[in-house]
Amino acid sequence: MTQFDPSIHASRRQRFLDQLGAAAAVIPAAALATHHADCEWPFRQDSDFFYLTGFDEPDAVALLLPHRPEGERFVLFVHPKDPAAEVWTGFRWGTEGAVERYGADIAHPLDQLSALLPGYLVGAEAIAFRVGRHPVVEPLVLSAWGRQLDSYARAGVAALGLVAPTPILHRLRLVKEGHELQRLREACRISAEAHELARSITEPGMNEAEVQAAIEAHFRAAGARGPAYGSIVAGGDNACVLHYTANTAQLQDGDLLLIDAGCSVDDYYNGDITRTFPVNGRFSAEQRELYGVVLASQEAAVEAVRPGGNAEQVHDTALRVLVEGLVDLGLLLGDVDGLIEQGAYRHLYMHRTGHWLGLDVHDVGAYRLGEQPATLQPGMVLTVEPGLYVSDRLAVPEGQPEIDDRWKGIGIRIEDDVAVTESGHEVLTAAAQKSLAAMERH
Ligand code: GLY
Ligand code: MN
Ligand code: MN
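Parameters and conventions
Residues numbered from 1 in each chain as written. Chains lettered and ligands numbered in written order. Predicted model: local features only at pLDDT ≥ 70, side-chain atom pairs only at ≥ 80, totals over all residues. Heavy atoms only, no water. Helix = DSSP H or I, 4+ residues; strand = E, 2+ residues; numbered from the N terminus. Rg over C-alpha atoms; globule rule 2.2 N^0.38 Å. Buried < 20%, exposed > 50% of the residue type's maximum accessible area, 1.4 Å probe, protein only. Contact = heavy atoms within 4.5 Å. Near = heavy atom within 4 Å. Polar contact = N/O pair within 3.5 Å; in protein donor to acceptor, adjacent residues only side chain to side chain. Areas by Shrake-Rupley, 256 points an atom, 1.4 Å probe, with all protein chains shown as cover. Nonpolar A, V, L, I, M, F, W, Y, C, P; charged D, E, K, R; others polar. Core = buried A, V, L, I, M, F, W, Y, C linked by side-chain atoms within 4.5 Å. Axes fitted to C-alpha atoms, helices over the stretch in contact; angles between N-to-C directions. Parallel < 35°, antiparallel > 145°, perpendicular 65-115°, else oblique. Left-handed = near helix turned anticlockwise from the far one by under 90°.

Novice: Got a sec to walk through the overall build of the chain? Specific residues and values, please.
Specialist: Regarding its fold elements, the chain presents 14 helices and 20 strands. Against the 2.2 N^0.38 benchmark of 22 Å for 442 residues, the chain shows a C-alpha radius of gyration of 25 Å, consistent with a compact globule. Per-residue burial for the chain yields a buried fraction of 52% across its 442 residues. Contacts in the chain between residues far apart in sequence, at least 24 positions, make up 72% of those at least 6 positions apart.

Novice: Give me the site of ligand 1: which residues, what numbers.
Specialist: Within the structure, ligand 1 sits among Tyr229, Asp260, Asp272, His355, His362, Glu385 and Glu415. In this structure, an oxygen atom belonging to ligand 1 sits 3.2 Å away from a side-chain N or O atom of Asp272. Contacts to ligand 1 include Glu385, whose side-chain N or O atom sits 3.1 Å from an oxygen atom. For ligand 1, the accessible surface in isolation is 200 Å², of which the surrounding protein chains cover 83%. For the shell around ligand 1, the class distribution of residues is one nonpolar, two polar and four charged.

Novice: Go over the nonpolar core with me, naming the residues and quoting the values.
Specialist: Phe16 and Leu64 are the most contacted members of the largest nonpolar core, which totals 93 residues. Broken down by element, the residue count for this core peaks at seven residues, all from helix α9 (residues 178-201). Setting aside anything within four residues of it in sequence, one finds Phe16 in contact with Ala25, Ile27, Leu52, Leu64, Pro165, Ile168, Leu169 and Leu172.

Novice: Any details on helix α8 (residues 166-174)? Residues and values, ideally.
Specialist: Of all nine residues making up α8, seven are buried, and the element is well covered by its neighbours. Contact partners of the buried residues in α8: α1 (6-20), β1 (23-28) and α2 (47-53).

Novice: Go over the packing of α1 against α8 with me, naming the residues and quoting the values.
Specialist: Axis separation between α1 and α8 bottoms out at 10 Å; the angle between their running directions is 140 degrees. Taken together, the axes of α1 and α8 are oblique relative to one another. Viewed along their axes, α1 and α8 form a crossing whose handedness is right-handed. In this structure, α1 uses Arg12, Arg15, Phe16, Gln19 and Leu20 to contact α8, whose residues at the interface are Ile168, Leu169, Arg171 and Leu172.

Below, the structure is given as structure tokens:
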């Protein structure tokens, strides 16, 4: 568990306010999501809202009002204290807690939002609100905006524009603070422990579900909320289904097991790790060859993570090593540059090599700025996750060799979480082993 520190969120709000200009931002919390009938999923806060407030209750709305005087710029609407409701759904901080613990300048009960929102927006030059994501709050924002436009002729001033707050917020979220890197290290530490545990218990005849259960039990026992995303525990050919989450097959002697699993800690930072190892503790010749290629590709790509570089270089580095390896093994035919240019490898490697990681597993932040790939800078965190997937699902491109059966049913991915540092990078998930020798039982 992490200690709640309101100053972390206060300084983020200040940076956000500084960049908003004279636009008033409306940032809603997440709502509870229905599982079925009247049962709900465990609550998952909206990451933008959490980043700015640290407040972890549903339905709340934060207003960030740079046009208001100091001491009136952070307004929270929250579910009020209500002993009868708290008997059912648990403790709430209420308006007093919103001010005292979460640093709101002013807090109101949620049922006053529609009455008070228009007044708070008066005097702003624009409204910053993400349209299309918040079905309860959006009509209130649009109605308040419409009222301002209606009164423009009389008053001569109004918030004329509706702008997205997300480009500013997501630029901030893309570069992690020291505190965030600590939390990501924690999520990665617990996730790595779970992978080490999974490899130590796996045996032929077990079910994928048993391995999943051990991983997720470790997440909970170690203090995490649970899995950051649907854990993938995929034996043999199941590993060639990239989003396989059924996890119900028996593990076969002679197959590989691919596990893509990571935890989310109490303040939502995530780990995202993939490891692949032989179910019986020994690689076959074909598995060993392909594992070696993916590992070389992944290690080269991790080395390409450095300030001043970019995620496309990381991908290109991984891809080149994969294609070179596939040519050496006779699974691709032709010169490496041509194969890459034609995409002739895509029946064996069909995804990108990584994504930003943070409060979201596929974290926010632009990958490109128009024609230019985003430049890596210290504090950015990305996954590096090349793989090879040999199956019958995709047609072999014209001119490429048919694949011998001995290669089929081999799916391998190796994924680490990597922070860009001043001097290069830090592999946050290094505690999960990946060497060929470590993947085998001797
Ligand atoms: N586990 C999701 C991903 O690797 O992107
Ligand atoms: Mn993953
Ligand atoms: Mn990933």
